[in-house]
Amino acid sequence: MNGELLAVLEHMEREKGIKKEIIIQAVEIALASAVRKIVDLKPGLEVKIILDKDTGKIRAFAGDEELKSGDFGRIAASTAKQVIIQKIREAEKDVVFNEFHAKVGQIISGTVYRFEKGAIIVDLLGKAEGVLSKREQIPSEEFRQGQRISAYLCEVRKEPKGPQIILSRAHPHFVKKLFELEIPEIYEGVVEIRAIARAPGERTKIAVWSKDEKVDSVGSCVGMRGARVKNIVGELHGERVDIVRYSEDIHEYIAASLSPAEIAEIRLDKENKKAVVIVNQDQLSLAIGKHGRNVRLASQLTGWNLDIRTKEETKMVEAKLSKEKTPATQEEIKKETPSLDGLSGTGEKTKKMLVDAGFSDLNAIANTTIGALSQIKGIGQIKAKKLIEGAKKLISKKKVK
């Protein structure tokens, strides 16, 4: 058995990357346990096993006395092998855990191995399996068995069956790491990624800044004829990527974050990190974006609550507020800028979506267009028309009163 055991140890070290010393230690502990169970020893005697790494010879000691070969030989070889294999597997799991734990926060590649309850099980070069759950996948993406796949390594957990490797293609840092791999200026630290906001499968906004005035941060990321960003978009299967120039000037930063919309004016409430963004009527739908996505991502990117309004809407509000008001008539101001209460067809969920998209009162809805309103998720053109008509009727009734 000695020669066979040495061959196993050398194979594990060579093929699995487990150091021979670790395996020998595991074997000695396992055999000591087996000796205690089989050999009749006095209570309290400590069993020690010594395995010669050069010859494979095994010696057993109980206290200071070496066990005779007859006693030690009663240990069944098959039992020893089973315990040894178990210990080797545990050591192998630790090697896998340590290897992938060191790669947390990086992009790793593998092949699609199988599909399991909506999750994609990824074969990581035969060393381990990664799990790409349904929620960590990009919506509408489809993969087939055997297809190569890249993902962001989020976490490695120790489980009884072995390390569980959690992957993601929906995480914002997946896009961030793609930029680091694709853009040399980012990898070298000349250009920095300051913020990122993402709606997986739809749109990502990423803010970049250059340490060197001679290096254009946005131009570096776009590349010649858009080649660099095209490669990233290709890996994301067509997800739109907006590259925004970061600025310490919050006016410039907010304006850039709402690209491609053109901004007329920005009014800041620095204490509450809120901003009223004023645009021309023809820029309203661009600023808000489909289903309110553009303004929502811009808000996440900048960390500011953004309220999009048209010039016309702003003028109306200002005209009303410019009238002299005494403290006793403050309630009239609220009446002249009516809330969404009473507007037919708006539950709490719809109201929240309207407010998030910049339509915080009846005036905002009454003065917008069907096209702009229908960009909000769940609101089609028919419903948008009804909301606008309803808002106008409520405003008229309040004026009559």
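Residues numbered from 1 in each chain as written. Predicted model: local features only at pLDDT ≥ 70, side-chain atom pairs only at ≥ 80, totals over all residues. Heavy atoms only, no water.

Caption draft 1: Quick look at the environment of Ile-395. Tracing the chain through its elements places Ile-395 in helix α17 (residues 381–400). Overall, the relative accessible area of 11% leaves Ile-395 in the buried class. Spatially, the C-alpha atom of Ile-395 lies 7.2 Å from that of Leu-362, the residues being 33 residues apart in sequence. (Helix = DSSP H or I, 4+ residues; strand = E, 2+ residues; numbered from the N terminus. Buried < 20%, exposed > 50% of the residue type's maximum accessible area, 1.4 Å probe, protein only.)

Caption draft 2: Here's a closer look at empty space enclosed by the protein. In the structure shown here, the tally under the stated rule is 1 cavity of 30 Å³ or more. By volume, the largest cavity is sized at about 50 Å³. What lines the largest cavity is simply Leu-284, Ile-288, Ile-308, Arg-309, Thr-310, Glu-313, Ala-357, Gly-358, Phe-359, Ala-364, Asn-367 and Thr-368. When contributions to the lining of the largest cavity are tallied by element, the ones reaching two or more residues are α10 (284–288) and β14 (305–310). Considering every element that reaches the lining of the largest cavity, the biggest residue donor is β14, with 3 residues. (1 Å grid on protein atoms, 1.4 Å probe; cavity = no way out; pocket = protein on both sides within 12 Å on 5 of 7 lines; lining within 4 Å. Points joined across faces, edges and corners; volume = space filled by probe spheres on them.)

Caption draft 3: Representation of the environment of His-173 within the structure. Here His-173 lies in helix α5 (residues 172–182). Look at His-173 and you get partly exposed, because its relative accessible area is 31%. Between the C-alpha atom of His-173 and that of Cys-154, which follows or precedes it by 19 residues, the distance is 9.3 Å.

Caption draft 4: Representation of the packing of α5 against helix α8 (residues 227–235) in the model. Remark: α5 packs on α8, axes separated minimally by 10 Å, with the N-to-C direction vectors making an angle of 140°. Of the possible angle classes, the one that applies to α5 and α8 is oblique. The two elements α5 and α8 meet at a crossing, and its hand is right-handed. Where α5 abuts α8, its residues Phe-174, Leu-178, Phe-179 and Glu-182 lie against Arg-228, Asn-231, Ile-232 and Glu-235. Classifying every residue of the contact of α5 with α8 by side-chain character gives 4 nonpolar, 1 polar and 3 charged. (Axes fitted to C-alpha atoms, helices over the stretch in contact; angles between N-to-C directions. Parallel < 35°, antiparallel > 145°, perpendicular 65-115°, else oblique. Left-handed = near helix turned anticlockwise from the far one by under 90°. Contact = heavy atoms within 4.5 Å. Nonpolar A, V, L, I, M, F, W, Y, C, P; charged D, E, K, R; others polar.)

Caption draft 5: Structural view of the pattern of salt bridges. Under the definition given, this model contains 21 salt bridges. Glu-99 is the partner of Lys-127 in a salt bridge, and the nearest nitrogen-oxygen pair spans 2.9 Å. In this pair, Lys-127 sits in the loop between β5 (119–124) and β6 (128–132) while Glu-99 sits in helix α4 (residues 77–101), placing the two residues 28 residues apart along the sequence. When its relative accessible area of 24% is taken as the criterion, Glu-99 is described as partly exposed. What you see here is one network of salt bridges that share partners, running through Arg-203, Lys-205, Arg-240 and Asp-242. (Salt bridge = Lys/Arg side-chain N within 4 Å of Asp/Glu carboxyl O.)

Caption draft 6: Structural view of the confidence of the model for the protein chain. Summary statistics for the protein chain give a mean pLDDT of 84 and a share of 88% for residues scoring 70 or more. Between the elements of the protein chain, mean pLDDT differs from a low of 46, seen in helix α13 (residues 330–336), to a high of 97, seen in strand β9 (residues 191–199). Below pLDDT 50 for its whole length, residues 332–337 participates in 9 contacts with residues either more than four positions away or in separate chains. (pLDDT = per-residue confidence, 0-100.)

Caption draft 7: Main features of the sheet that holds strand β12 (residues 265–269). Spatially, β12-β13-β14 is the arrangement adopted by the 3 strands of the open sheet, whose pairing is mixed. Because the sheet does not close on itself, it has two edges, and the strands there are β12 and β14. Neighbour to neighbour, the strand axes of the sheet diverge by 20° on average, direction disregarded. Taken together, the 5 bridges between β12 and strand β13 (residues 274–279) define a ladder with antiparallel strand orientation. Counted as the bridge partner of Ile-266 is Val-277 from β13. Seen against the sheet, helix α9 (residues 250–257) touches β12, β13 and β14 and runs at an angle of roughly 120° to β12. (Pairing = 2+ DSSP bridges.)

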